[in-house]
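Reading the structure
These are the residues of each chain, in order.
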Amino acid sequence: MSAVQVGFACIALLLVLLALRVPIGVSLGVSAFTGLLSLRGLDAAFALMGSTTFQFIAHWSLTAIPMFILMGAIAFHTGLTRTLFDAGKAWLGFLPGGLAIATNVSSAGFAAASGSSVAMAGAMSRLAVPEMLRARYDPGLATGVVAASGTLGAFIPPSIPFVLYAVFMEASVGQLLMAGIIPGLLTMLAYAVLIITRVKLNPDLAPGTAQAYSTRDRWVLLLKSWPLPVIVAGVVGGLYTGTVTATEAGAFGAFVAIVAALLQGSFSWTAMQQAVSETVTSTASIFLIAIGAVLFSRMLTLSQIPMNIGVWVEDYAVALWMFLLAVTVFYIVLGMFLDPIGLMLVTLPVLAPFVIAFDIDVIWFGVLVVKFIEIGLLTPPIGLNLFVVSAGVGDKVPFGQVVRGTVWFLAAEAVVLILLMTFPTLSLLLPSLMY
């Protein structure tokens, strides 16, 4: 069996293991080891797995991941996210669908203290959906905006997918984190326009009267939400100016979250223990997938599949738009079944040769990849965010209504995706202005 045949056989093995519901990290590791064993023998396979794993894990940029997770976990378990949502209700509740818009905007703010779409969707489903249901909002709209707004966690810094993409594709972590800001805000704006338009056309979707707030109460609630704006300013400002690394920005955010919880009287050792435990568990899970992906990538390189793909692209000169269309369908379909980080790391080794062959800007492509995997989180019938929100609301909203409510937001995602593909400057403007 030739090296290329071994590579394709391992890809087939990976797909079979994923179909059997074997964890992604394990599936990648088993497929990679099988290929390395066939290509280089037992001793070389063990040596490559050891050295490759160490070289990847020892990458300093990856230390940003546990810092980002800890920052978000502390903010959630100490109730800091609640203050932001309350401020959003006070200032935006007068708009058509005001609670839904407040959920959307506060999710964007919470994104600066999380970095995980799934974690944000889970948090906001317990926080915002009950409020909207009490205001007699349509259950589909209430759950749909939470599922969709959860995807903002992957764009607005800090972003775990961007960190992993940067390390895997040897790109700048800081530039990728900054590249997600405009697409993230654009997505938030598209959601808000969709909500207002739908409620204007059908007021029964959000018939509840907004709670009246005095000017003083609005400013008091806004001032109480100071921790997350400070975290945003520290993380984004530090990265933009080059004052801090991504890891230092994450550590700063975690420190601010602890200090804010102490000042507001919401700090407890139980909350801290829960935050640390969640950080350790999530970090271990992400790193297992990442290690498996790196080993699988090394196996593919030895099988010469990436080189052959590059030659094939150059020989047949496939149009860039055809490649992007194929990648869009590829990610959206697979996103129905796979965890977004696992999906990204499984596919990057295969797509990297195309990026090189088409001379695609690696920062721009990174934004598109993250957008693809986030859309996959919303794609019926098995998008992961749909299940997270459904689990968060329990029996209050049937799963079918969650799906129907989310489908509307996919239309907004399609518009944003087309804009990002048509105007790469939307992704590249801020990185080009950095220090």
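Let us look at the structure shown here. (Residues numbered from 1 in each chain as written. Predicted model: local features only at pLDDT ≥ 70, side-chain atom pairs only at ≥ 80, totals over all residues. Heavy atoms only, no water.)

**Considerations on a nonpolar patch on the surface**
A cluster of nonpolar side chains, W321, M322, L325, V329 and V333, forms an exposed patch at the surface whose accessible area comes to about 520 Å². If you trace the backbone, W321 turns up in helix α18 (residues 320-334). Classification of W321 as exposed rests on a relative accessible area of 60%. (Patch = residues over 30% accessible without salt bridge, like charges linked within 9 Å, V, L, I, M, F, W, Y side chains within 5 Å. Areas by Shrake-Rupley, 256 points an atom, 1.4 Å probe, with all protein chains shown as cover. Salt bridge = Lys/Arg side-chain N within 4 Å of Asp/Glu carboxyl O. Helix = DSSP H or I, 4+ residues; strand = E, 2+ residues; numbered from the N terminus. Buried < 20%, exposed > 50% of the residue type's maximum accessible area, 1.4 Å probe, protein only.)

**Describing the packing of aromatic side chains**
Describing an aromatic ring pair means giving the distance of the ring centres and the angle of the ring planes. Throughout the structure, instances matching the rule amount to 10 aromatic pairs. Both rings, one in F33 and one in F46, keep their centres 5.2 Å apart while their planes meet at 50°; by these two values the pair is tilted. One end of the pair, F33, is in helix α2 (residues 24-40); the other, F46, is in helix α3 (residues 42-57), with 13 residues separating them in the sequence. Ring geometry for F323 against F354: centres 5.1 Å apart, planes inclined by 20°, an arrangement best described as stacked. (Phe/Tyr/Trp six-rings, centres within 6.5 Å; stacked < 30°, edge-to-face > 60°.)

**Things to note about the packing of helix α14 (residues 227-241) against helix α15 (residues 246-263)**
Two elements in contact, α14 and α15, have axes separated by 9 Å at closest approach and are oriented at 165°. Considering their axes alone, α14 and α15 lie roughly antiparallel with respect to each other. By crossing handedness, the relation of α14 to α15 is classed as right-handed. Judged by residue contacts, P227, V230, I231, G234, V235 and L239 of α14 engage A246, A249, F252, G253, V256, A257 and A260 from α15. Split by residue class, the contact of α14 with α15 holds 11 nonpolar, two polar and no charged. (Axes fitted to C-alpha atoms, helices over the stretch in contact; angles between N-to-C directions. Parallel < 35°, antiparallel > 145°, perpendicular 65-115°, else oblique. Left-handed = near helix turned anticlockwise from the far one by under 90°. Contact = heavy atoms within 4.5 Å. Nonpolar A, V, L, I, M, F, W, Y, C, P; charged D, E, K, R; others polar.)

**Quick word on the environment of I181**
Mapping I181 onto the fold places it in helix α12 (residues 181-201). Through-space distance from the C-alpha of I181 to that of L13 is 38 Å; in sequence the pair is 168 residues apart. Residues in contact with I181, not counting those within four places in the same chain, are F155, P157, V236 and L430.

**A closer look at the pattern of salt bridges**
Counted according to the given criterion, the structure contains two salt bridges. With a closest N to O distance of 3.8 Å, E131 and R134 form a salt bridge. Placement of the pair is E131 and R134 together in helix α8 (residues 129-134), with a separation of three residues, close to one helical turn. Taking the shortest distance from any N to any O, the salt bridge between E413 and K371 comes out at 2.7 Å. One end of the pair, E413, is in helix α22 (residues 399-422); the other, K371, is in helix α20 (residues 362-376), with 42 residues separating them in the sequence. Pair check on accessibility: E413 and K371 agree, each one buried.

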